[in-house]
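# A closer look at the structure
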Amino acid sequence: YRFLGEPVVQACVENGASCIDISGEPQFLEGMYLKYNEKAAEKGVYVVGSCGFDSIPADMGVLYTRDKLKGTLTAVESFLSVKSGPEGICVHDGTWKSAVYGLADEDNLKKLRKKIGYAPVPVVGAKLKKRGFLFYNQEFKEYCIPFMGSDGSVVKRTQRYLHTELQETPVQYGAYVNVGGLGSVIKLMLAGMLFLLLVKFNFGRKLLTKYPAFFSAGRFTKEGPTQKQMDGTSFTMTFFGEGYSEGQDPQKGKPNVKICTEVKGPEAGYIATPIAMVQAAVSLLEDAASLPKRGGVYSPGAAFSKTKLIDRLNKRGVEFSVISKPEV
């Protein structure tokens, strides 16, 4: 999307067509907001980014958790688990390239956010503690790291919009991924250090994009996954939320209610993503009365918080549910 996405957004806005994408690149998503939000509003069209695995499960999952809590949700952490069959997991190298160029260009993302001049999102309730780069999660009996995708930034944009435009209580959010036992951690650390070193240099980026399979131990390839790999893969995103019971002031005292929810579905990149994308498009067409009053460039949660998108996804295999801790 960084290199090829903008002409599509531009053509849609200029010609009065709404547009969705499955980008997981914060720089592209927020750049489109800066350049086209006002034009889209004038034309009355909706441009909704990240309508794939990045970031519908996370963004709509936070809203689902909020709506299911009896009281005021103030903080959520999500943990992504990916299961694979005997054939293992594989992802097309387009996703790999997004990561390479995204990490290489982090400074420009900071400059872009300064230009946008985001209003700070107030912290309501107890402040959510940031976890370290690597930690052991007792719930899953696995090591976890922060999720490196766009979920955190997308959820923050949604929460800012819902707070500033609809005066809803903003929810703090932390996104993490389960990586397994100690052996997996050591492999991941070594690969991660090499990746972060190479991504800083032009020749390193060329190597990474030319030989994705080598540098990712076969996880990212130019061919993408086989049908058997896709059939054997699934994801679960578990949300641990906390907040304040009805009648309790979130600005006073400690959170006194908790909730656990999950979003689960088939293989994330090539099965769950098209399901999410198509249902987002259907919601755009059929739930028009429930969309934000004016057009613009939106995150999924901002665009679809009042629509039937979660019901639509539930019927098609991307399932949202409230669970108890033992079920984790």
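Described in the following lines is the structure provided in the data block. (Residues numbered from 1 in each chain as written. Predicted model: local features only at pLDDT ≥ 70, side-chain atom pairs only at ≥ 80, totals over all residues. Heavy atoms only, no water.)

### Regarding the pattern of salt bridges
Keep this limit in mind: When a carboxyl oxygen of Asp or Glu lies within 4 Å of a side-chain nitrogen of Lys or Arg, that pair is called a salt bridge. A run of DSSP states H or I qualifies as a helix once it reaches four residues; a run of E qualifies as a strand once it reaches two. Both are numbered from the N-terminal end. Each residue gets one of three labels from its accessible area relative to the maximum for its type: buried under 20%, exposed over 50%, partly exposed in between, using a 1.4 Å probe on protein chains only.
For the structure shown, the criterion picks out twelve salt bridges. One salt bridge connects Lys222 with Asp93, and the closest N-O pair in it is separated by 3.5 Å. Taken together, the residues span a long stretch of sequence, with Lys222 in the loop between strand S8 (220-221) and helix H10 (227-231) and Asp93 in helix H4 (residues 93-104) at a distance of 129 residues. The buried category is assigned to Asp93, whose relative accessible area is 3%. Each member of the salt-bridge network shares a partner with another, and the members are Arg66, Asp67, Glu168 and Lys306.

### Regarding the layout of surface pockets
Worth spelling out the cut-off: We place a 1 Å grid over just the protein atoms. Points where a 1.4 Å probe fits but has no way out form a cavity, open points with protein on both sides within 12 Å along at least 5 of 7 lines form a pocket, and any residue with an atom within 4 Å of a point lines it. Grid points are joined across faces, edges and corners, and a volume is the space filled by probe spheres set on the points. Nonpolar residues are Ala, Val, Leu, Ile, Met, Phe, Trp, Tyr, Cys and Pro. Charged residues are Asp, Glu, Lys and Arg, and all others, Gly as well, are polar.
There is about 590 Å³ of room inside the second largest pocket. Of all the elements, helix H6 (residues 151-166) adds the most residues to the lining of the second largest pocket, at six residues. Per-class residue counts for the lining of the second largest pocket are twelve nonpolar, seven polar and six charged.

### Regarding the nonpolar core
Cut-off, in case you're wondering: By nonpolar core is meant a set of buried Ala, Val, Leu, Ile, Met, Phe, Trp, Tyr and Cys residues that side-chain atoms within 4.5 Å join together. Contacts between residues were defined by any pair of non-hydrogen atoms, one from each residue, lying within 4.5 Å.
Ile56, Met60, Phe304, Leu313 and Phe320 are the most contacted members of the largest nonpolar core, which has 45 residues in total. Leave out the neighbours within four places in its chain, and Leu313 touches Ile56, Ile275, Ala276, Gln279, Val318 and Phe320.

### A few points about the packing of helix H3 (residues 56-68) against H6
Packed helices, taken two at a time, are described by the angle between their axes plus the distance between the axes. In plain terms, the rule: The axes used here are C-alpha line fits, helices contributing only the stretch in contact, and every angle between their N-to-C directions lies in the interval 0 to 180 degrees. Each angle is binned into one of four classes, with values under 35 degrees roughly parallel, values over 145 roughly antiparallel, values of 65 to 115 roughly perpendicular, and all other values oblique. The hand of a helix crossing depends on one turn: near helix anticlockwise from the far one by less than a right angle means left-handed, and clockwise means right-handed.
Direction vectors running N to C along H3 and H6 enclose 50°, while the axes themselves pass 9 Å from each other. One element, H3, and the other, H6, form an angle in the oblique class. In the crossing of H3 with H6, the sense of the turn from one axis to the other is right-handed. Where H3 abuts H6, its residues Ala58, Asp59, Val62, Leu63 and Arg66 lie against Asp151, Val154, Val155, Thr158, Gln159 and Leu162. Along the lines of polarity and charge, the residues of the contact of H3 with H6 split into six nonpolar, two polar and three charged.

### Here we look at the sheet that holds strand S3 (residues 72-83)
Basically, it comes down to this: Pairs of strands are assigned from DSSP output, requiring at least two bridges between the strands.
Strand order in this open sheet of seven strands is S5-S6-S7-S3-S9-S10-S12, and the pairing throughout is mixed. Bordering the open sheet on either side are strand S5 (135-137) and strand S12 (319-323), each of which pairs with just one other strand. For this sheet the average axis-to-axis angle between neighbouring strands, irrespective of direction, equals 30°. In the sheet, strand S6 (residues 142-146) pairs with strand S7 (residues 172-180) via four bridges, with the strands oriented antiparallel. In the strand pairing of S7, Ile145 is matched with Val177. Helix-sheet contacts for helix H11 (residues 268-286) involve strand S9 (234-244) and strand S10 (257-266), and the interaxial angle to S10 is about 105°.

### Here's the deal with unusual backbone geometry
A negative phi angle characterises most non-glycine residues, just as the trans form characterises most peptide bonds. A cis amide bond links Asp54 to the next residue, Ser55, at an omega of 5°. Summarising the element assignment, Ser55 is placed in the loop between strand S2 (46-48) and H3. At Ser50, a position not held by glycine, the phi torsion is positive, near 50°. With respect to the element layout, Ser50 can be found in the loop between S2 and H3.

### Considerations on the sheet that holds strand S11 (residues 296-298)
Strand pairing in a sheet relies on backbone hydrogen bonds, with the paired strands running either antiparallel or parallel. Read across the open sheet, the three strands follow the order S1-S2-S11; overall the sheet is parallel. The open sheet has two free edges, formed respectively by strand S1 (19-20) and S11, since each of these has just one partner strand.

### Looking at the packing of aromatic side chains
Rule in force here: Two rings from Phe, Tyr or Trp (for Trp, the six-membered ring) form a pair when their centres sit within 6.5 Å of each other. Planes less than 30 degrees apart are called stacked, planes more than 60 degrees apart edge-to-face, and all others tilted. Counting as a charge over the ring demands two things of the Lys NZ or Arg CZ atom: a distance within 6 Å of the ring centre and an angle within 35 degrees of the ring normal.
Summed over the entire model, instances satisfying the criterion amount to 17 aromatic pairs. Aromatic side chains Trp96 and Phe195 sit 5.1 Å apart centroid to centroid with 75° between the ring planes, which places their arrangement in the edge-to-face category. Of this pair, Trp96 sits in helix H4 while Phe195 sits in helix H7 (residues 182-198); the two residues are 99 residues apart in sequence, bridging distant segments of the chain. The pair formed by Trp96 and Phe195 is uniform in burial state, with each residue classed as buried. Among the aromatic residues, those joined into a ring-pair cluster are Phe79, Phe135, Phe140, Tyr176 and Phe240. Against the face of Tyr118 rests Arg160, its NZ or CZ located 4.1 Å from the ring centre.

### A closer look at the side chain of Ser216
By the secondary structure assignment, Ser216 is in the loop between helix H9 (212-215) and S8. Note on Ser216: relative accessible area 10%, which makes it buried.

### A few points about the environment of Asp93
Sequence spacing of Asp93 and Glu223 is 130 residues, and the spatial spacing of their C-alpha atoms is 7.9 Å. Setting aside residues up to four positions removed in sequence, Asp93 forms contacts with Thr209, Pro212, Thr221 and Lys222.

### Some details on the pairing of S7
Most of S7 sits out of view: nine of its nine residues are buried. In the sheet, S3 pairs with S7 via six bridges, with the strands oriented parallel. Opposite Phe79, over in S7, you have Tyr176 as the bridge partner.

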